[in-house]
Amino acid sequence: MKSINNILYTEFIKGRNIFEHMFLLVGIILQFIVYYITNDTMISLISGVTGIISVVLCSQRKISFYFFGFIQLFTYMYLAWQQKFYGELVENIFYIITMIIGIVTWLKNYNKDEQIVESKRLSNIQLSIISSIMILLCILFGYYMSNYTDNTQPYMDAFSTIPAFIAQTLLMMRYREQWIFWIIIDIVSIFMWGIADNWIMVIQFIFWTLNCLYGYIKWK
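Residues numbered from 1 in each chain as written. Predicted model: local features only at pLDDT ≥ 70, side-chain atom pairs only at ≥ 80, totals over all residues. Heavy atoms only, no water.

Here's the deal with the nonpolar core
We count it as follows: The definition of a nonpolar core used throughout is a set of buried Ala, Val, Leu, Ile, Met, Phe, Trp, Tyr and Cys residues joined through side-chain atoms within 4.5 Å. Residue burial is assigned from relative accessible area. The probe radius is 1.4 Å, only protein chains are included, and a residue is buried under 20% of its type maximum, exposed over 50%, and partly exposed in between. A run of H or I in DSSP counts as a helix once it spans at least four residues, and a run of E counts as a strand once it spans at least two, with each numbered from the N terminus. Contact definition: two residues touch when any of their heavy atoms are within 4.5 Å.
Counting residues in each nonpolar core, the largest one holds 57 residues, and the members touching the most others are W106, W182 and W193. Elements that contribute at least two residues to this core include exactly α2 (18–38), α3 (42–59), α4 (65–83), α5 (86–108), α6 (124–148), α7 (154–172), α8 (178–195) and α9 (199–219). Counting residues per element, this core draws most heavily on α9, at 9 residues. Those residues in contact with W106 that lie beyond four places of it in its chain are C58, R61, K62, I63, F65, Y66, V117, L171, M172, R174 and W219.

Here we look at α9
Going by this rule: Expected span, for any helix, means 1.5 Å times one less than how many residues it has. Whenever two N or O atoms come within 3.5 Å, that pair is a polar contact, provided that in protein one can donate a hydrogen and the other can accept it, and provided that, for residues adjacent in sequence, both atoms are side-chain atoms.
End to end, α9 covers 29 Å across 21 residues, agreeing with the expected 30 Å (1.5 Å per residue, within 8%). The opening residue of α9, the one whose side-chain oxygen lies 3.4 Å from the backbone nitrogen of I200, is N198.

Here we look at unusual backbone geometry
Here the phi dihedral of K84 falls at roughly 60°; this positive angle occurs in a residue that is not glycine. In this fold, K84 is placed in the loop between α4 and α5. K84 sits in the partly exposed class, given a relative accessible area of 37%. Non-glycine residue R174 carries a positive phi angle of around 75°.

Side note on the side chain of Q178
Relative to the helices and strands, Q178 resides in helix α8. If sequence neighbours within four positions are ignored, Q178 has contacts with C58, A167, L170, L171 and W219.

Things to note about the environment of S123
Here S123 lies in the loop between β2 (116–117) and α6. According to the relative accessible area criterion, S123 is partly exposed, its value standing at 31%. The sequence separation of S123 and E177 amounts to 54 residues, and the corresponding C-alpha distance is 9.6 Å.

No statement about biological role is implied by the geometric values presented.
Spelled out as structure tokens, the structure:
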């Protein structure tokens with residue numbers, strides 16, 4: 001427990017520069033501003049704030065992102081259930097499983113001197129094959145939800161769900177190309193939650209998109 005506390009303190013307080021602190025602070029402040037303007041629910045605010053913290057820490061290759069990630073997962077699942085975004089629910093159950101595995105994997109490849117996890121990369125052929133499979137599965141999953149469920153946005157949900165399985169798996173395995181798929185997810189999610197009129201989630205995903213660009217550079 002002491003070592004975990006040391007990691008959290010070192011990564012969240014000491015192991016970051018001024019820009020990284022300010023970037024995180026801006027994201028959190030935006031969440032509170034939108035919460036105040038829209039008078040949204042407290043569960044949305046908690047999900048939004050912990051989501052901002054977790055993805056920023058992840059982009060900086062900090063293992064402490066898992067701590068905040070679990071809080072964001074459970075609050076987000078509740079919001080997705082309210083909106084009948086069933087793909088999102090399935091996706092987040094998968095997240096829980098892979099994050100548990102990911103903690104073990106990251107700890108084994110954690111560079112204590114630099115306070116970051118070691119990253120890997122896919123070949124161009126591997127990336128092309130994975131992308132082609134993703135598109136096909138998105139179309140099939142969207143068709144299924146459109147015809148056999150009461151999902152309010154089946155194809156949007158599909159294109160924010162299937163890439164997430166890929167991105168989360170790559171995250172667990174420490175591949176930098178995960179950020180390409182997270183960008184796809186975030187852009188689709190911006191429109192999806194905008195249609196659902198949840199602006200805290202919209203701001204969260206806009207910030208996540210910017211963070212993905214930063215994360216891809218950081219992981220390279």
